[in-house]
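Here is how the chains run, residue by residue.
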Amino acid sequence: MVLEDWVGMKINPSKISASPSWRKSVVLTKGRRLGSRWEALVGKLERDPSVTPRLLDQALACLCAYKGLDYERERTVAQGKVVS
């Protein structure tokens, strides 16, 4: 496949890598967006040392691209939830 074939293609962030750290980052990003229903899992993943801030930011960017969300807005909201 050439690059032109990939343009406009949506790839589920969960399918990008089989790395446990990446998968945990994607789940944590989704969990933070969904709120209290995932509270226990979010708390557990936030304490996991393999889930780095950089991976979380990349997972958020991928999720925003996949769902067509505004990355800057979602990042601001995510940072507000983490800080408070």
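Only a predicted model underlies this, so the values are computations on that prediction, with no experimental measurement involved.

How should the overall build of the protein chain be read in this particular structure?
Counting secondary structure elements, the protein chain contains five helices and zero strands. Reading the protein chain from its N terminus to its C terminus gives the helix and strand order α-α-α-α-α. Counting only residues that meet the buried cut, the protein chain has 23% of its 84 residues in that class. The long-range fraction of contacts in the protein chain, counting pairs at least 24 apart against all pairs at least 6 apart in sequence, stands at 53%. Accessible area for the protein chain stands at about 6000 Å²; split by element, carbon and sulfur atoms hold 57% of it.

Looking at this structure, how should I read helix α2 (residues 20-34)?
Residues spaced three or four apart along an α-helix face the same direction, because each turn holds 3.6 residues. Taking 1.5 Å per residue as the helical rise, α2 with its 15 residues ought to reach 21 Å, and the 21 Å between its terminal C-alpha atoms agrees with that figure. Of all the positions in α2, only Trp-22, Ser-25, Val-26, Leu-28, Thr-29 and Gly-31 are classed as buried. On its buried face, α2 sits against α3 (39-46) and α4 (53-67). Directly after α2, the chain includes Gly-35, whose backbone phi takes a positive value near 90°.

Which parts of the structure should I look at to understand the packing of α2 against α3?
The contact between α2 and α3 brings their axes to 9 Å, and the two run at 135°. Classified by the interaxial angle, the pair formed by α2 and α3 is oblique. Where α2 crosses over α3, the handedness of that crossing is left-handed. Mapping the contact onto sequence places Lys-24, Val-27, Leu-28, Gly-31 and Arg-32 in α2 and Leu-41, Val-42, Leu-45 and Glu-46 in α3. Its residues placed into classes, the contact of α2 with α3 shows five nonpolar, one polar and three charged.

Cut-off values and rules
- Every chain is numbered on its own, with residues counted from 1 as its sequence reads.
- It should be noted that, the model being predicted, local features are given only for residues of pLDDT at least 70 and side-chain atom pairs only at 80 or more, the latter also being counted only at that level, while totals for whole chains, interfaces and linings use all residues.
- Only hydrogens and water are set aside; all other atoms, that is, all heavy atoms of the structure, feed into the side-chain values.
- Runs of H or I in DSSP of at least four residues are treated as helices and runs of E of at least two as strands, each being numbered from the N terminus.
- When a residue's accessible area, from a 1.4 Å probe over protein chains only, is under 20% of the maximum for its type it is buried; when over 50% it is exposed; and in between it is partly exposed.
- In this analysis, two residues are considered to be in contact whenever any of their non-hydrogen atoms come within 4.5 Å of each other.
- Where accessible areas are quoted, they stem from the Shrake-Rupley method and a 1.4 Å probe; at the residue level, only the protein chains shown are allowed to cover.
- Helix span is expected to be 1.5 Å times the residue number reduced by one.
- The convention used is that axes are lines fitted to C-alpha atoms, helices contributing only their stretch in contact, and that angles between N-to-C directions extend from 0 to 180 degrees.
- The scheme is simple: roughly parallel for angles under 35 degrees, roughly antiparallel for over 145, roughly perpendicular for 65 to 115, oblique for anything else.
- In this scheme the crossing of two helices becomes right-handed for a clockwise turn of the near helix relative to the far one and left-handed for an anticlockwise turn of less than a right angle.
- Three categories are distinguished: nonpolar for Ala, Val, Leu, Ile, Met, Phe, Trp, Tyr, Cys and Pro, charged for Asp, Glu, Lys and Arg, and polar for the others, with Gly belonging to the last.

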